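A structural walkthrough
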Amino acid sequence: MGVKVCKFGGSSLADAGQFRKVRDILLADPTRCYVVPSAPGKRTPDDDKITDLLYRCYRKAQRRQPYAPLFDQVAGRYIDIVNDLGLDFDIEPLLMETLEQIRTGSPDFAASRGEYFSGLVLSKYLGWDFVDPADILKFDRQGAFASEWSNELASAELARHDHAVIPGFYGSLPNGDIHTFSRGGSDISGAVIARAAGAEIYENWTDVSGFLMADPRIVDNPKPIKTLTYRELRELSYMGATVLHEESVFPVRKAGIPTNIRNTNAPDEPGTMIVLRAEDCIPTDTITGVAGHKNFSLLTIDKAMMNSEIGFGRRVLQAIEDFGVSFEHLPTGIDTMCVVLPDADLFHRKEQIIERIRDNVHPDTIELTSGLALIATVGRGMVRTPGTAARLFGALAKAGINVRMIDQGSSELNIIVGVDVEEFEPAVRAIYEEFVDS
Ligand code: ASP
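In this report, we go over the structure that sits alongside the text. None of the values given here were measured: they were computed from a predicted structure.

Further remarks concern the environment of Tyr67. In this structure, Tyr67 sits in the loop between helix 2 (50-62) and helix 3 (68-84). Tyr67 sits in the buried class, given a relative accessible area of 4%. Along the sequence, Tyr67 and Ile102 sit 35 residues apart, while their C-alpha atoms lie 9.6 Å from each other. When residues no more than four places from it in sequence are discounted, the contact partners of Tyr67 are Cys57, Lys60, Ala61, Leu99, Glu100, Ile102 and Arg103. Within the structure, the side chain of Tyr67 is placed 3.5 Å from the backbone nitrogen of Arg103, a separation counted as a polar contact.

This is the structure in structure tokens:
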């Protein structure tokens, strides 16, 4: 019988009531053997996340300002949870020890204590073993995650426990110092543990019932995505549909383990299943989802006979690279090359980049226009459905939307269009309505 690894996000563990839901979920399925908790998150929209409070404690300690009152808020949250759950666990001395350690510790150490205490409380509540990730998740001296080393350590350790709680977000450097992943990194810890446990499924429990086919702020009541592939997920999350930490995909994808996004507050809903192969997906609409981003600029370079000028593209891209800007897309014509650049990176470098390109390739014309929004229509089903592009452009034309750029990768997994930023929302709606029967 395969095992499941379950990661619970901060909102799933925000207070004692949420801890109860987590326990019910874990005990409802005997194959749920390993759990990776986040630190308690916000209980209300204007509440603080424990991790944020801990970073603030650290900064105050650094400036030699009194931080004990702030730490009391952290301690109070755990003490309330322990009391409310009726646990026989004297957590206070451990919290007081941490208060002192923050004074001399690193920011990573301070932040990691959120997950550490969450894990301790959950292990007492469930009666499961506690495994400290500092012993099994390793980073190298530069702070890069040592995936293979960690996989070996974690597999060996998990084999010693039928059930265990392994806090998310942190591990340690070769010298034993605590080191964290980037923010939201418990998703990565969960995926690493799933791989090490050889899990059948990585369940990622959060406060939404999976991915939606479009942003609900733009489309009314979009349909949920039942299944999608890791590649589709990558395309959608690149375009802004974020539920999971991007890096959490790699360990499970590598091991062929599906990820199931589930809702702690609606555990009966199936959520979204992310799988490796398109064949394992439930057949559905032609498209899987539509997502997009605003704030891009379009650089258009024209030069007669560009197609036969060897090194033209490289010299254009070199100019962009020289200013530390990464390009997003590169649709080209016969005598035209377009480069889509993120506004945030361009900033005050626009004139300099244009000058450098002029020097490098002597174009006939060069123009940089801002106010571009990109929309990706993603779907494994597009490969086998003729006429998808025609439908997409037909829907945009019918809605009176002018397409300023088109980019379709040869994978045919997505079609990206660029539209004026004011037409972003209507364009997303037009595409959704065309492909998804509501
Ligand atoms: N608690 C950490 C954060 O707030 C990690 C996580 O929740 O995944 O970023």
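So, next bit.
Time to look at the layout of surface pockets. A volume near 570 Å³ is recorded for the second largest pocket. Mapped by element, the contributors of at least two residues to the lining of the second largest pocket are helix 7 (186-197) and strand 7 (201-206). Among the residues forming the lining of the second largest pocket, the class breakdown is four nonpolar, 11 polar and seven charged.

On to the sheet that holds strand 13 (residues 365-378). Read across the sheet, five strands follow the order 12-11-13-15-14 without closing on themselves; strand pairing throughout is antiparallel. The sheet is open, and its two borders are formed by strand 12 (336-342) and strand 14 (403-408), each paired with just one other strand. Across this sheet, the average inter-strand angle for adjacent strands is 35°, counted without regard to direction. Direction of pairing for strand 11 (residues 289-302) relative to strand 13: antiparallel, over a ladder of 11 bridges. Paired with Val290 across the strands is Thr377, a residue of strand 13. On top of the sheet, helix 8 (residues 230-238) reaches strand 11, strand 13 and strand 15 (414-420); it is set at about 65° to strand 11, its chief contact. Each of strand 13, strand 14 and strand 15 touches helix 13 (residues 388-398); the most contacted strand, strand 15, lies at about 15° to it.

So, how was this worked out
- Residues numbered from 1 in each chain as written.
- Predicted model: local features only at pLDDT ≥ 70, side-chain atom pairs only at ≥ 80, totals over all residues.
- Heavy atoms only, no water.
- Helix = DSSP H or I, 4+ residues; strand = E, 2+ residues; numbered from the N terminus.
- Buried < 20%, exposed > 50% of the residue type's maximum accessible area, 1.4 Å probe, protein only.
- Contact = heavy atoms within 4.5 Å.
- Polar contact = N/O pair within 3.5 Å; in protein donor to acceptor, adjacent residues only side chain to side chain.
- 1 Å grid on protein atoms, 1.4 Å probe; cavity = no way out; pocket = protein on both sides within 12 Å on 5 of 7 lines; lining within 4 Å.
- Points joined across faces, edges and corners; volume = space filled by probe spheres on them.
- Nonpolar A, V, L, I, M, F, W, Y, C, P; charged D, E, K, R; others polar.
- Pairing = 2+ DSSP bridges.
- Axes fitted to C-alpha atoms, helices over the stretch in contact; angles between N-to-C directions.

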